[in-house]
Amino acid sequence: MHYYPFVLLLVGNALRRIDAQLEDSARILGAPQRTVIRRIVIPLMLPALSSAVLLVVGRVLGTFGTPYVLGLPADYRVLSTGLFQAIRDRSTGVASVLTTVIVVIGVLIVLADTRMMREHRRFVTVGGRGRDGPAGRPAPAGAGPPSRSVCSPSR
């Protein structure tokens, strides 16, 4: 629950960037809501969802205070409290193994996030929710910026 704002910022921004015309086109072509979500929305949100999951996992790995205060009296250990206990007991072998595990997991998270960001470029859409006015209602006709049209005679 503590990391909810991070997830909300990442996922909310991804939802805002999805072009509404993609969803509208799918619905016009007869796709049910479930298909629109499964085939359009989720693939476009996949980079943001994976980044949110990796961010939360990385932050949870680095959490020490709460597991120490709540878990150590009950002898409940996570990686960070186990490392603290090993350092306090001067068990350098155990401490080095736990440190290596924490570092390897952190590096894997960073590599996975980098790979997902590289894959993110495949999911870029051009446009945005440009036709919507305030509060998601369609903008009135002529409310947008003036457009320029070029007419050429047909042959």
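This write-up is about the structure you can find in this document. Remember, predicted model here, so these are calculated numbers, not experimental data.

As for the nonpolar core
Val11, Ile18, Ala26, Val36, Ile40, Val41, Leu44 and Met45 form the largest nonpolar core, which has 8 residues in total. Ranked by residue count, the leading element in this core is helix α3 (residues 33–61), at 5 residues. The residues contacting Val11, other than those within four sequence positions of it, are Met45 and Leu49.

Things to note about the packing of aromatic side chains
Tallying each qualifying case throughout the model produces 4 aromatic pairs. Between Tyr68 and Phe84, the aromatic rings sit 5.2 Å apart at their centres with planes inclined by 80 degrees, giving edge-to-face as the arrangement. In this pair, Tyr68 is assigned in helix α4 (residues 65–71) and Phe84 in helix α5 (residues 79–88), connecting sequence segments 16 residues apart. On the accessibility criterion, Tyr68 (29% relative accessible area) is partly exposed. Clustering of aromatic rings is evident, with ring pairs tying together Phe64, Tyr68 and Phe84.

Some words on helix α2 (residues 20–28)
All of the buried residues in α2 are Ala20, Glu23 and Ala26. Mapping the buried residues of α2 onto a view down its axis gives an arc of 130 degrees, with all of them on the same face. Packing partners of the buried residues in α2 comprise α3. Phi for Gly30, located one or two positions after α2, is positive at around 95 degrees.

A few points about the environment of Arg59
Position of Arg59 relative to the elements: it lies in helix α3. On the accessibility criterion, Arg59 (39% relative accessible area) is partly exposed. Considering only alpha carbons, one finds Arg59 and Gly106, 47 residues apart in sequence, at a separation of 9.8 Å. Each residue touching Arg59, except ones within four places of it in the same chain, is listed here: Tyr3 and Phe6.

Definitions and limits used
- Residues numbered from 1 in each chain as written.
- Predicted model: local features only at pLDDT ≥ 70, side-chain atom pairs only at ≥ 80, totals over all residues.
- Heavy atoms only, no water.
- Core = buried A, V, L, I, M, F, W, Y, C linked by side-chain atoms within 4.5 Å.
- Buried < 20%, exposed > 50% of the residue type's maximum accessible area, 1.4 Å probe, protein only.
- Helix = DSSP H or I, 4+ residues; strand = E, 2+ residues; numbered from the N terminus.
- Contact = heavy atoms within 4.5 Å.
- Phe/Tyr/Trp six-rings, centres within 6.5 Å; stacked < 30°, edge-to-face > 60°.
- Arc of directions from axis to C-beta.

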